[in-house]
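# Secondary and tertiary structure notes
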Amino acid sequence: MKLLIITCLLIGQFVSSQNVQFVNQPIDSINAKEIRSLFQDSKQAIWLGTKSQGIFRLKNKQLQKMIVNNESALTGFISVLEETEGSILFSGRGVMRFKDDSITMLSDKDGIKSNVIFSISKLNDDSICFSGNKGSDCIEKKTIKHFNTINGLKHQVVHDVKKDVLGQLWFATRKGGLNMLDKNGEWYYFLEATNCRKLFKLKNGNIWIGTSTGAVLLNVKKRNFEVFEKGFALIPQVETDNNIVVFATENNGIFTYKNKAWKQFNTKNSILKSNVIHSIIEDSNNELWFGFDKGIQVLKYSDLHGN
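From a predicted model like this one, the values you see are computed outputs, not experimental measurements.

Mean pLDDT over the chain: 88, with 91% of residues reaching 70 or higher. Confidence over residues 1-15 falls short of pLDDT 50; this stretch has 72 contacts with residues more than four positions distant or in other chains.

As for its position among the elements, Leu202 is in the loop between β20 (196-201) and β21 (207-211). A relative accessible area of 11% places Leu202 in the buried class. Not counting chain neighbours up to four residues away, the residues in contact with Leu202 comprise Trp208, Leu217, Glu239 and Val245.

Attention now moves to the pairing of strand β5 (residues 55-59). Counting buried positions along β5 yields 4 of 5 residues, so the element is predominantly enclosed. Where strand β4 (residues 46-50) and β5 come together, 4 bridges link them in antiparallel fashion. The residue of β5 that forms the bridge with Leu48 is Phe56. What sits between β4 and β5 in their antiparallel hairpin is a turn of 4 residues, with Gly54 showing a positive phi close to 95°. Pairing geometry for β5 and strand β6 (residues 62-68), over 4 bridges, is antiparallel. Looking across to β6, one finds that Arg57 is bridged to Gln64. The turn joining β5 and β6, which pair antiparallel and follow one another in sequence, is formed by 2 residues; a positive phi near 55° is taken by Asn60.

Moving on: the packing of aromatic side chains. By the definition in use, this model includes 22 aromatic pairs. Look at Phe171 and Trp187: their rings are 5.5 Å apart centre to centre, the planes differ by 40°, and that puts the pair in the tilted class. Highlighted residues: Phe171 in strand β17 (residues 169-173) and Trp187 in strand β19 (residues 187-190), separated in sequence by 16 residues. Of the residues examined, Phe171 reaches a relative accessible area of 0% and is grouped as buried.

Here the focus is the sheet that holds strand β28 (residues 277-282). The strand order across the open sheet formed by 3 strands is β28-β29-β30, and the pairing between neighbours is antiparallel. Either end of the sheet is taken by a strand with one partner, and the two such strands are β28 and β30 (296-299). Strand-to-strand twist across the sheet, computed as the mean angle between neighbouring axes with direction ignored, equals 15°.

Definitions and cut-offs
Residues numbered from 1 in each chain as written. Predicted model: local features only at pLDDT ≥ 70, side-chain atom pairs only at ≥ 80, totals over all residues. Heavy atoms only, no water. pLDDT = per-residue confidence, 0-100. Contact = heavy atoms within 4.5 Å. Helix = DSSP H or I, 4+ residues; strand = E, 2+ residues; numbered from the N terminus. Buried < 20%, exposed > 50% of the residue type's maximum accessible area, 1.4 Å probe, protein only. Pairing = 2+ DSSP bridges. Phe/Tyr/Trp six-rings, centres within 6.5 Å; stacked < 30°, edge-to-face > 60°. Axes fitted to C-alpha atoms, helices over the stretch in contact; angles between N-to-C directions.

Structure follows, in structure tokens:
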């Protein structure tokens, strides 16, 4: 499953497990909502996180709103990860585990130091990292490793972390650039002072870094960088089957990249409904889902560019 890491949304505070209900909604009602994040689970349901109107699930073509004790469970989520046994982790202002129609909030006692979580990353089958305003907390079975400014990071706010094909950990920090911890425990620092907002690992093992002013392509084995300055944030979201990487922007539509060539699609030159795009996923049918400032759009990549 793909992780979607978007602008910070607030999650309600819960101290114990609570039962969840799903209330059917008119399918067209989603078009009035600001969709901040999207996720497809292993049962093919699509989860939609809004800025301020809760979490929705599209299951069997029926739109449902998540409710706890007759009130909205959450106002949204930033990042999502489905665990091996089928439970789903949502992150935002804290971490929520959804399983068997109930939710449980995770906290410091579970090894999570940050109270605002920007991403949940699965480093391998047993290791999950929670990155947020107090560094990254990586949990592997019963072992917890905390990464922060005390033990190597250049800035305490971490937006994302990924492990590369060489076993190195890469941290996208807000004001400390890109930090790397190798297998020998040595730290290296790149892209000084850059606001690195997301890491996206490609099928070939290289990594895209979405920054506040463009994007950077990292060749992991050569450890070199191609910097693409655009003057606005480019957030890598999807790599299609034909190796096209799709980027979201906050006011400039989408950009695609393949074989060193960039293309831009917006409301003027394509059938996109909005230029404000918070999230993109590719579902199991190879259709692209776009989460906009108002509503969603689902289409094939070929429909987007008209070929």
